[in-house]
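Each chain, letter by letter, is given below.
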Amino acid sequence: MQKFRFLVILDFEATCEEGVKWRNEIIEFPSVILDTQTMTRVAEFQQYVKPKRNPQLTKFCTDLTGIQQEWVDKAKHIEEVLDEYDQWLKGNGLFEPTIPGRLQTNAPASLSKSQKRLRSLYSPSDQTELFAFVTCGDWDLQQMLVNQAKDDHLVLKGYFSGWVN
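Since the model is a prediction, treat every value here as computed from it, not as a measurement.

A separate point is unusual backbone geometry. For Met39, which is not glycine, the phi torsion reads 55° and is therefore positive. Here Met39 shows up in the loop between strand 3 (26–35) and strand 4 (40–48). Exposure remark for Met39: the relative accessible area of 55% places this residue in the exposed category. Unusually for a residue other than glycine, His153 sits at a positive phi of about 55°. Within the secondary structure, His153 sits in the loop between helix 5 (139–152) and strand 9 (156–157). For His153, a relative accessible area of 74% translates into the label exposed.

This is the structure in structure tokens:
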């Protein structure tokens, strides 16, 4: 029996430069919803994201990702894309209501300072997720999105705090 009715496969692309350490920014936010009962594709989401700190893509980044400068120039900023993504998830029936007035926190009784700091990036949910994110490693949701949320002072939806890789 599957624990999750749906899997949401997610794989960000981000700004980059060969041999240079810098804070990456998400430039592509794609996902596919898979129904685990029928093993069929339910829906796709794909948005380019306009970077703020490094708005000009490097040649290395374009060659690596295939993403063109004009695509990100016309794109929305991460805040708007996150809002649209949330609406897309909801519109595809990936949540069910929980008991009214009760927030889902799933927080253990005692957390370290770093765990508390990380939890402050996420808003509690008043709905039960019927899905799990699937990523290729921890980079997408443990590093990339968290770092961008810190840099841009964003509060992420609680469902971004867990995934399968």
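If you check which residues of helix 5 are buried, you get Asp140, Leu141, Met144, Leu145, Val146, Gln148, Ala149 and Asp152. Positioned one or two residues after helix 5, His153 has a phi angle of 55°, which is positive.

Criteria and thresholds
- Residues numbered from 1 in each chain as written.
- Predicted model: local features only at pLDDT ≥ 70, side-chain atom pairs only at ≥ 80, totals over all residues.
- Heavy atoms only, no water.
- Helix = DSSP H or I, 4+ residues; strand = E, 2+ residues; numbered from the N terminus.
- Buried < 20%, exposed > 50% of the residue type's maximum accessible area, 1.4 Å probe, protein only.

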